[in-house]
Amino acid sequence: MISERVIPQYMETMKTFEPRVWKGPRFAARNIARTTWVPSCDLDGVNFGHLVSHSAKPLFDDRELDAVVDECEERASTTGWSTSRHLNYPTTDVSLADLPRTLDWFRNDALPSVVYPFLTDSYGFVLPDPRHLRVVDAFVVKYNATNGQTRLEPHRDGSIVSFNIALNDLRDYEGGGTWFEGIQTAIRSPKGHVLAHASGLLHGGHPITSGVRYILVAFVILRSYPNFATRFYDHVRDR
Ligand SMILES: O=C(O)CCC(=O)C(=O)O
Ligand SMILES: [Fe+2]
């Protein structure tokens, strides 16, 4: 059920997404409104926070997101979409490693100034300072109701925290969203919103019934924490 077991490669791939400069946050992370689900509980039954965290506002401009989709479609028009990058639960995707403009924006701006602060603020009960976080895989996923993949079956990612950035508008497709088995809900994320979750939660891509949905998905680990998938094990095992 765990989709990613190729952990040794993460030591190499994390270098691709390492910020060259650590910019300060764009917003004070504590001021980012968010909706949360799935309370975490430690063994004494104490809840320290929630395992799913969704920004209540867009954290990126349309211009930045449109540039990601444009570069991705431009690249896919020559080399095609990949459907074999993830072994057990493959998405139709393009790696950010193949999108130079997007990669530069992602590693040097989006991660250090927006997403990492959002994650450490959402998961302060387990994640330390943003500088310890490392993305090990990041890719643009396309769901297409008429020609291509429409869903992703429930699975668990092999990182510590996963997040996705919605790259297009909810009106561009029907259905869709990130499905969480534990709450029996698909969270439909408006353009620019960031949806983060403990990677080990059982989740999937809810089927779209019309249109096209684009998201940027990334898997995050802690630099120097070797046992990634089980970091949240006590929290996710029944969910
Ligand atoms: O479509 C989604 O919202 C989920 C995608 C996902 O879980 C993944 O790519 O690992
Ligand atoms: Fe996933």
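In short, a report on the structure. Counting from 1, residues in each chain are numbered in the order their sequence is written. Both sets of labels track the order of writing: A upward for chains, 1 upward for ligands. Selection of residues for local features in this predicted model requires a pLDDT of at least 70, selection of side-chain atom pairs for listing and counting requires 80 or more, and totals for whole chains, interfaces and linings are taken over all residues. The basis for every side-chain value is the complete set of non-hydrogen atoms in the structure, without hydrogens or water.

Bringing the coordination of the iron ion (ligand 2) into the picture now. Coordinating donors are taken as N, O and S atoms within 2.8 Å of the metal, stretched to 3.2 Å for Na, K and Ca; because water is absent from the atoms, sites can appear incomplete. For the iron ion (ligand 2), the full set of protein donor atoms is His155 (NE2), Asp157 (OD), Asp157 (OD) and His203 (NE2), at a range of 2.1 to 2.8 Å. Written as a sequence motif, the donor arrangement for the iron ion (ligand 2) is H-x1-D-x45-H. Taken as a pair, Asp157 in the loop between β5 (152–155) and β6 (161–166) and His203 in strand β11 (residues 203–205) lie far apart in primary sequence, 46 residues in all. The exposure classification of Asp157 matches that of His203, with both residues buried. Helix and strand assignments come from DSSP, with helices taken as H or I runs of at least 4 residues and strands as E runs of at least 2, each series counted from the N terminus. Per-residue accessibility, obtained with a 1.4 Å probe over protein chains only, is compared with the maximum for each type, and a residue is labelled buried under 20%, exposed over 50%, and partly exposed between these values.

Turning our attention to the environment of His193. Residue position: His193 is located in the loop between β9 (185–187) and β10 (194–198). With a relative accessible area of 8%, His193 lands in the buried category. Along the chain, His193 and Ile165 lie 28 residues apart, while their C-alpha atoms are 5.9 Å from each other. Residue contacts are defined here by distance: any two heavy atoms, one from each residue, within 4.5 Å place the two residues in contact. Residue contacts for His193: discarding those within four places in its chain leaves His54, Ser55, Ala56, Lys57, Pro58, Asn164, Ile165 and Ala166.

Close to ligand 1 lie 15 residues, the nearest being Tyr143, His155, Thr178, His203 and Arg213. In this structure, His155 approaches ligand 1 through a side-chain N or O atom, which is 3.2 Å from an oxygen atom. Polar contact criterion, stated in full: a pair of N or O atoms within 3.5 Å, where within protein one must be able to donate a hydrogen and the other to accept it, and residues adjacent in sequence count only if both atoms are side-chain atoms. One nitrogen or oxygen atom from the side chain of Arg213 is found 2.8 Å from an oxygen atom belonging to ligand 1. Note on areas: Shrake-Rupley, 1.4 Å probe, and residue coverage restricted to the protein chains presented here. Coverage of ligand 1 by the protein amounts to 96% of the 300 Å² it exposes when considered alone. Cavity and pocket criteria rest on a 1 Å grid covering protein atoms alone: a 1.4 Å probe that fits but cannot get out defines a cavity, protein on both sides within 12 Å along at least 5 of 7 lines defines an open pocket, and an atom within 4 Å of a point defines a lining residue. Grid points define the cavity or pocket, and a molecule sits in it when more than half of its atoms lie within 2 Å of them. When atoms are counted within 2 Å of each cavity's grid points, the one that captures over half of ligand 1 is the largest cavity. Considering every element that reaches the shell around ligand 1, the biggest residue donor is strand β12 (residues 208–222), with 4 residues. Whether a residue is near a molecule or strand is decided by its heavy atoms; if any one of them lies within 4 Å of it, the residue is near.

Paired strands, in this sense, are two strands between which DSSP finds at least two bridges. Spatially, β5-β11-β8-β9 is the arrangement adopted by the 4 strands of the open sheet, whose pairing is antiparallel. Two strands lie at the open edges of the sheet, namely β5 and β9, each paired on one side alone. Put simply, the sheet's adjacent strands are angled 20° from each other on average, direction ignored. In this sheet, β11 lies alongside β5 in antiparallel orientation, the contact comprising 2 bridges. Note that in β11 the partner of Leu152 across the bridge is Gly205. Every axis in this analysis is a line fitted to C-alpha atoms, fitted for helices over the stretch in contact. Angles between the N-to-C directions lie between 0 and 180 degrees.

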